[in-house]
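Topology and contacts: notes
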Amino acid sequence: MSNNKVLPLAEPDSDAAAPCCPPLTERPFTADEAETAARMFKALGDPVRLRLFSAVASHEGGEACVCDISDVGVSQPTVSHHLKKLKEAGLLTSERRGTWVYYRVEPSVLAAMGKLLTIAPAAV
């Protein structure tokens, strides 16, 4: 008798919210929008985190295994810490596949970041 079971595929981590704010020139931020934007900028304000975010965003296929992006001049536990901070800020999502964790930047996050830094049509 076999003990083999079919396990469901792991869903990508979806508890991280994409930054969602209007363009800076459209109107003043609400307190919640300001907190969201500040969390995003704070996470990207660290050079190691910015390098990791860039490595994931530019990686072939739109996702990167932690094993492929950990060469940023700090130890592996520090890389894990920085990736966790990027996830907490809503900039990355992740999925565990066996031993490795794969990270991706959702297109909606990049679109929201771009929108935040554009000039609103009324402000032109």
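In this text the structure is predicted, and so the values were computed from the model without any measurement.

With respect to the pairing of strand β2 (residues 93-97)
With five bridges connecting them, β2 and strand β3 (residues 100-104) associate as antiparallel partners. Bridging from a neighbouring strand, T93 pairs with R104 of β3. Here β2 hands over to β3 after two residues, with G98 in that stretch at a positive phi of 65 degrees.

A word on helix α4 (residues 76-88)
Taking 1.5 Å as the rise per residue, α4 with 13 residues should run 18 Å; its terminal C-alpha atoms sit 18 Å apart, in good agreement. Inspection of α4 places V79, H82, L83 and L86 among the buried residues, and these make up the whole buried set. Down the axis of α4, the buried set is contained in an arc of 100 degrees. They therefore lie on one face. Against α1 (31-44), α2 (47-58), α3 (66-69) and β3 lie the buried residues of α4. Phi for G90, located one or two positions after α4, is positive at around 85 degrees.

Some details on a nonpolar patch on the surface
Residues L24, F41 and L117 make up a contiguous nonpolar surface patch of roughly 310 Å² in combined accessible area. Take F41: it is sitting in helix α1.

Some details on the nonpolar core
With 25 residues, the main nonpolar core has L52, F53, L83, L86, L91 and L92 as its most contacted residues. Listing elements by their share of this core, those giving two or more residues are α1, α2, α3, α4, β3 and α5 (107-116). Residues in contact with F53, not counting those within four places in the same chain, are L44, L86, L91, L92, V105, L110 and M113.

Focus: the sheet that holds strand β1 (residues 63-65)
The strand order across the open sheet built from three strands is β1-β3-β2, with neighbouring strands paired in antiparallel fashion. Each edge of the open sheet is held by one strand with a lone partner, namely β1 and β2. Going across the sheet, the axis of each strand differs from the next one's by a mean of 25 degrees, ignoring polarity.

Looking at the confidence of the model for the protein
Model confidence for the protein is summarised by a mean pLDDT of 81, while 81% of its residues fall at 70 or above. When the criterion is pLDDT under 50, residues 1-19 qualifies, and its contacts beyond four places in sequence or with other chains add up to 22 contacts.

Points about the state of the cysteines
Here is the idea: a disulfide is a covalent bond, and it sits between the sulfur atoms of two cysteines. Tallied over the entire structure, the rule returns one disulfide. Disulfide pairing is shown between C65 and C67; the S-S distance is 2.5 Å. Note on the C65 and C67 pair: the S-S dihedral is about 125 degrees, so by sign convention the disulfide is right-handed.

Calculation rules
Residues numbered from 1 in each chain as written. Predicted model: local features only at pLDDT ≥ 70, side-chain atom pairs only at ≥ 80, totals over all residues. Heavy atoms only, no water. Pairing = 2+ DSSP bridges. Helix = DSSP H or I, 4+ residues; strand = E, 2+ residues; numbered from the N terminus. Expected span 1.5 Å × (residues − 1). Buried < 20%, exposed > 50% of the residue type's maximum accessible area, 1.4 Å probe, protein only. Arc of directions from axis to C-beta. Contact = heavy atoms within 4.5 Å. Patch = residues over 30% accessible without salt bridge, like charges linked within 9 Å, V, L, I, M, F, W, Y side chains within 5 Å. Areas by Shrake-Rupley, 256 points an atom, 1.4 Å probe, with all protein chains shown as cover. Salt bridge = Lys/Arg side-chain N within 4 Å of Asp/Glu carboxyl O. Core = buried A, V, L, I, M, F, W, Y, C linked by side-chain atoms within 4.5 Å. Axes fitted to C-alpha atoms, helices over the stretch in contact; angles between N-to-C directions. pLDDT = per-residue confidence, 0-100. Disulfide = S-S within 2.5 Å.

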